[in-house]
Amino acid sequence: MIQVLEKFAEPTRQSRVAIGIILIKFFKTTIKAFWPILLSLFLGRKSGNSFVDYVGYAALGFAALNVIGSVLTFFRYYFHLEEGSIVIDKGVLKRTKTNIPFERIQTINLQQNILHQIFGVVSLEIDTAGAKKSELTIDALRREDAEAIRTFILEEKDQLAGNSLEEVVEESLEEKEAKTILSLSLSDLFKIGVSQNHLRSMAILFAFVFSSLNEVTDDIEGLISNQFSEYQETIINNSWIVFLSSVIVVGIISFIYSIINTILKNFELRLTEERKGLKLFKGLLNREEISINKSKVQNIGWSDNPLRRAFKMYTLKIEQASSAQADQLKSKIKIPGAYFAQVKKVLNIVFPDTPWKEQPKNKVSILLKYRLIIFVGILPALIIGTISYFFNGWLSLWFLTWIPLAWYYYSLYYNKRSFEMSSEMIKNNKGTFGNNFEIAQLYKVQTIELKQSWYQTRKNLSTVTLYSAAGSMTIPFIEIEKANAMENYILYKVESDERSWM
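Presented here is an overview of the structure given in this document. (Residues numbered from 1 in each chain as written. Predicted model: local features only at pLDDT ≥ 70, side-chain atom pairs only at ≥ 80, totals over all residues. Heavy atoms only, no water.)

With antiparallel pairing, the seven strands of this open sheet are ordered in space as β13-β12-β11-β17-β16-β15-β14. Two strands in the sheet have a free side with no partner beyond their single neighbour: β13 (332–339) and β14 (362–363). When strand β12 (residues 313–320) meets β13, the two strands line up antiparallel, connected through six bridges. Each residue of the ladder has a partner; that of M313, found in β13, is Y339. This element, helix α7 (residues 186–194), spans β12 and β13 of the sheet and lies at about 105° to β13. In this fold helix α17 (residues 480–496) packs onto β14, β15 (418–421) and β16 (425–430), with an angle of close to 40° to the strand it touches most, β15. (Pairing = 2+ DSSP bridges. Helix = DSSP H or I, 4+ residues; strand = E, 2+ residues; numbered from the N terminus. Contact = heavy atoms within 4.5 Å. Axes fitted to C-alpha atoms, helices over the stretch in contact; angles between N-to-C directions.)

Structure (structure tokens):
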């Protein structure tokens, strides 16, 4: 490791491939900010005005600025290692120098997009406590250099934490013998793609199409009418056929999109057991390596839906500690498909000292079900039905069908709403058509909050919310005596337990 410190002791530039990576970033930012304007100019230009007059010069100007900016950014970016810290010196018009102590570093991840893979380089991302985004991103490094820097920082961090050099070396050797505990084959990815939420993909597709049309013209109805004027009578007479055909076409496109997107994002997904935790590898066009420190894991959740349950698979979510200011998404690692045996293996690795065993289920009060049916089912149906009666007459009775639907929906929800608690852990169970489970260690709870509405006070009920460094867990409508006993026990566990969770 001394060689690593010596190699990067002097200010060092990134690989020259970083120029292309930075250029692509600039282009993506520009297109994201200005695509509605450019699209409007291109599709909505008036006759007699050329494309070059409106868009060409602007596009060339943006391109020139992006090229110049990426080159200057590359030549004005340096990094080097010091004893106990990494230093970044960057900036074109405004220079900034950032010194990041190793003890503040939370995770070090490697990423590869398609350009990285072509040139054999990686992007090194370093996250620190309180950083909303990656505090340090080196856009392009040789993989050997990036891995050497990551290993050096982690070993220095261990020594600063009090581990001996022999322990650090032993852990390093163990890391080289990483053991795969979960991997997804192409058939697994296909199952996951099939069981995705295709309605969400359809909504995204519709939103994209109509937002694009809105940018091009304010008169969408007129635009469609002009395009299909000669077929207008046929379309009107067969409107239900046109609507049904459109839904089927969009549904097929969304289905194909979900499968392709799942495969691209999770290609060759592999979860391995590393020193102090887990490491996740995934992606085809954009390869990611994400480290998971098991001491930082706050919650583990797994969920399914009817289709995924048919494949006996779960979506696995691992939530790590993050500061209140940090982006919560970057601390949540999502594995889109895992079999229950693999979920149990992850639980045993992350919580080795307190293995989870099924406990008696504690149901929440049935009053929760009745209130949801009344306020989401009965009252809206009666109010909307009454208002609709003055316009549609007895046809408004159709709104009453919402009441049995709401009864059925919230009966399913209530039947699955419960919690389990052992001497060390708590498990939250919920779901409607699917199942959703989350589990946490009691000693990692930072705050416990009991809330009572006016109605809950009358019925001696309370809603309990447990806050940890990764988020919150809420259990509604618990008997107040049980809620107070839970609060007292969890506070006792927090105050008496001496284990570190950061």
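Following the structure, the description resumes.
Our next topic: the packing of aromatic side chains. Following the criterion strictly, the structure yields twelve aromatic pairs and no others. Taking 5.7 Å as the distance between ring centres and 35° as the angle between the ring planes, the aromatic pair formed by W302 and F437 counts as tilted. Within this pair, whereas W302 is found in strand β11 (residues 297–303), its partner F437 is found in strand β17 (residues 436–441), the two being separated by 135 residues in sequence. Seen in terms of ring centroids, Y409 and F433 are 5.8 Å apart; in terms of plane orientation they differ by 65°. Their pairing is edge-to-face. Of this pair, Y409 sits in helix α15 (residues 402–416) while F433 sits in the loop between β16 and β17, and the two are 24 residues apart along the sequence. These aromatic residues form a ring-pair network of at least three members: Y408, Y409, Y410, Y413 and F433. (Phe/Tyr/Trp six-rings, centres within 6.5 Å; stacked < 30°, edge-to-face > 60°.)

An order of β6-β5-β4-β10-β9-β8-β7 is seen for the seven strands of this open sheet, with the pairing classed as antiparallel. Only two strands of the sheet have a single partner each, and these edge strands are β6 (136–142) and β7 (179–183). The sheet shows a mean angle of 20° between the axes of neighbouring strands, taken without regard to direction. The pairing of strand β9 (residues 277–282) with strand β10 (residues 287–293) spans six bridges and is antiparallel. Along β10, the bridge assignment pairs K279 with S291. Along the sheet, helix α13 (residues 340–350) makes contact with β7, β8 (270–274) and β9, crossing β7 at roughly 140°.

A separate point is helix α14 (residues 367–392). Counting along an α-helix, one turn takes 3.6 residues, and residues three or four places apart therefore face a common direction. For α14, built from 26 residues, the straight-helix expectation of 38 Å at 1.5 Å per residue is met to within 8% by its first-to-last C-alpha distance of 35 Å. The sharpest bend along α14 comes to roughly 35°, located at I374. Of the residues making up α14, those classed as buried are L368, K369, I373, G377, A381, G385 and S388. Contact partners of the buried residues in α14: α15 and β20 (471–479). Among the residues trailing α14, G393 stands out with phi positive, at a value near 65°. (Expected span 1.5 Å × (residues − 1). Bend = angle between axes of the 7 residues up to and from the residue. Buried < 20%, exposed > 50% of the residue type's maximum accessible area, 1.4 Å probe, protein only.)

With that out of the way, let us pick up the side chain of N266. Along the polypeptide, N266 turns up in helix α11 (residues 239–266). Leaving out residues up to four positions away in the same chain, N266 has contacts with L189, K282, G283 and P336.

Turning our eyes to something else, we now look at empty space enclosed by the protein. Under the definition given, this model contains one cavity of 30 Å³ or more. Contributing to the lining of the largest cavity are N299, A440, V445, L466, Y467, S468, S472 and M473. Only β19 (461–468) and β20 provide two or more residues apiece to the lining of the largest cavity. Broken down by element, the residue count for the lining of the largest cavity peaks at three residues, all from β19. A per-class count over the lining of the largest cavity returns five nonpolar, three polar and no charged. (1 Å grid on protein atoms, 1.4 Å probe; cavity = no way out; pocket = protein on both sides within 12 Å on 5 of 7 lines; lining within 4 Å. Points joined across faces, edges and corners; volume = space filled by probe spheres on them. Nonpolar A, V, L, I, M, F, W, Y, C, P; charged D, E, K, R; others polar.)

Take unusual backbone geometry next. Notably, E268 is not glycine yet its phi reads approximately 55°, a positive angle. Its place among the elements puts E268 in the loop between α11 and β8. Although it is not a glycine, F477 sits at a positive phi angle of roughly 50°. In this structure F477 comes out as buried when scored by relative accessible area, which is 9%.

Our next topic: the pattern of salt bridges. Inspection of every chain in the model, using the stated rule, returns 14 salt bridges. Here E147 and R143 are joined by a salt bridge, their closest N and O atoms 2.9 Å apart. Taken together, the residues E147 and R143, both in helix α5 (residues 143–160) and four residues apart, mark about one turn of the helix. Residue class for E147 comes out partly exposed when judged on its relative accessible area of 31%. Assessed through its relative accessible area of 23%, R143 is described here as partly exposed. Each of the salt bridges in this network shares a partner with another, and the network as a whole consists of K7, R142, E144 and D145. (Salt bridge = Lys/Arg side-chain N within 4 Å of Asp/Glu carboxyl O.)

With that settled, consider the environment of V376. Following the sequence through the fold, V376 ends up in helix α14. Judged by its relative accessible area of 30%, V376 is partly exposed. Remark: the alpha-carbon pair of V376 and Y410, spanning 34 residues in sequence, is separated by 9.5 Å. Leave out the neighbours within four places in its chain, and V376 touches R371, W402 and Y410.

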